[in-house]
Amino acid sequence: MKITILMPTRNRVHLLPKAVEAALAQTDGNFELFISDNCSSDGTAEFIAGLKDGRVRSVRTDRPLSMPDHWNFAYDQALEKTTGDFILLCSDDDALTPDAIETILRAVKANPWGRLFQIRAEIYYYDDDINENKNMIKFQFPRPEGVERINGRAHVRSMLSTFAANFPGPGMVKRELLKEVKARYGKIFHQWAPDYSSGVLLMLLAGEFGRISPPVLLWGKGRASYGSGSQANPDHLLEFMRQFPEFDGRLDMTPYPDLITVNNMVVDTMLRTSRMLGAEGAWMRINDMAYRRHLREDIRIYQSYGHHRFDSFVAQVAGDRSRTRVSDWVDLQMAKMPKRVARWKRAFWPSNIVARLQGRGPKTVKIRGSEAGFSDIASAAKYYVQASRDKSIWPRR
């Protein structure tokens, strides 16, 4: 069995080399790296041309494309030119751990039913992160194990109810499933948030997916990200939206089309996806209570960084309860119940109490590179694999 690591990129030559370095540093050689360059103009093409490694192949668009169009191009090219049984998406600001392919292949072989897998990640904060977490990793200790089998439709419903469910996005997908999605819906990714639109289509068509618990990826958080980076600067998100020729400064289907925040863009994407599905997606409904709560948080974060252009929406979002139903509150509480039970077990289950008293219990750990000796996301990925299993190497404080 073989994995194709697909890495789309555009004008991030300051980030791409470390993502490539981490991808190529695998303990299992059953993979290939396929890089798709979205007509970069910053030296990315020259960097890719200089990669003298038989495991690396690349393509390049002839003009700049929006992110969904580029991802569709990249996947089309990967389906045509690569040979992996599964295609694993890795962003150019993330880093795979050295044992990623080894761990993934072991999980897939133990779960032959799986056509779609979610790859769990821990967090790496770049030096330019919007918070004070500079060159730092945040992870759970000890490293979780196992593969969880999850109903796709139920997971979509949970996400719509709480906005807190982990979304597999494209994740790691079997080649045949990608072809099915493309044949049925014309393409894999749709705007504005391509990972959310593809996640819905893949989960509904696959019916179920596997969540591989050992985190095998460091998710890079910094100002270059259109997700976390846009929380501190709405202009960064507008820069992303202007990639789309059809974007006229307003969203299409949300109740607040002029409120350009990450969560409102995601909701607009989900509503557009539901419309595209027609009768098949008629059951999809956004929980208004959770939706407005997240919009208020978006605005609060903008305000904390000195951006006040959306202040006029505060009272409107807080007071607009005309669409909220009692069922919204019920759905929100029911969707949160599994996580509440899990937290209760971690806190009060006898074996977990004993483990904590003995220093073995699960805990969230933050370690800075200046303390542990890593200087970038690739070296942090190597350190994480050791630190997630052996706390004796943690820096003393």
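The coordinates are above.
A few points on the structure. (Residues numbered from 1 in each chain as written. Predicted model: local features only at pLDDT ≥ 70, side-chain atom pairs only at ≥ 80, totals over all residues. Heavy atoms only, no water.)

Describing the overall build of the chain
- When its secondary structure is counted, the chain shows 15 helices and 11 strands.
- Scored against the burial criterion, the 397 residues of the chain give a buried share of 53%.
- A separation threshold of at least 6 residues defines the contact pool for the chain, and within that pool the share at least 24 residues apart is 77%. (Helix = DSSP H or I, 4+ residues; strand = E, 2+ residues; numbered from the N terminus. Buried < 20%, exposed > 50% of the residue type's maximum accessible area, 1.4 Å probe, protein only. Contact = heavy atoms within 4.5 Å.)

Things to note about the packing of helix H5 (residues 152–162) against helix H7 (residues 194–206)
- Interhelical geometry of H5 versus H7 gives an angle of 145° and a closest axis separation of 8 Å. When you trace H5 past H7, the crossing you get is left-handed. Of H7, the residues touching H5 (which contributes Gly-152, Arg-153, His-155, Val-156 and Met-159) are Tyr-196, Val-200, Met-203 and Leu-204.
- Tallied by class, residues from the contact of H5 with H7 come to six nonpolar, two polar and one charged. (Axes fitted to C-alpha atoms, helices over the stretch in contact; angles between N-to-C directions. Left-handed = near helix turned anticlockwise from the far one by under 90°. Nonpolar A, V, L, I, M, F, W, Y, C, P; charged D, E, K, R; others polar.)

A closer look at the packing of H7 against helix H9 (residues 262–277)
- At a minimum axis separation of 9 Å, H7 and H9 run at an interaxial angle of 40°. The angle between H7 and H9 falls in the class oblique. When you trace H7 past H9, the crossing you get is right-handed. Contacts between H7 and H9 pair Tyr-196, Ser-197, Val-200, Leu-201 and Leu-204 from the former with Val-266, Thr-269, Met-270, Thr-273, Met-276 and Leu-277 from the latter. (Parallel < 35°, antiparallel > 145°, perpendicular 65-115°, else oblique.)

Considering the pairing of strand S1 (residues 3–9)
- The element S1 is extensively covered by neighbouring structure, given that seven of its seven residues are classed as buried.
- A two-sided burial pattern is seen for S1, the buried positions comprising Ile-3, Ile-5, Met-7 and Thr-9 on one face and Thr-4, Leu-6 and Pro-8 on the other.
- Sheet analysis places S1 next to strand S2 (residues 31–37), joined by seven bridges and oriented parallel. Within S2, the position partnered with Met-7 by the bridge is Ile-35.
- Remark: the S1/helix H1 (residues 16–24)/S2 crossover connection has right-handed handedness.
- As defined by bridge partners, S1 adjoins strand S4 (residues 86–89) across four bridges and the pair is classed as parallel. Counted as the bridge partner of Thr-4 is Ile-87 from S4. (Pairing = 2+ DSSP bridges. Right-handed = clockwise from strand over helix to strand, strands pointing away.)

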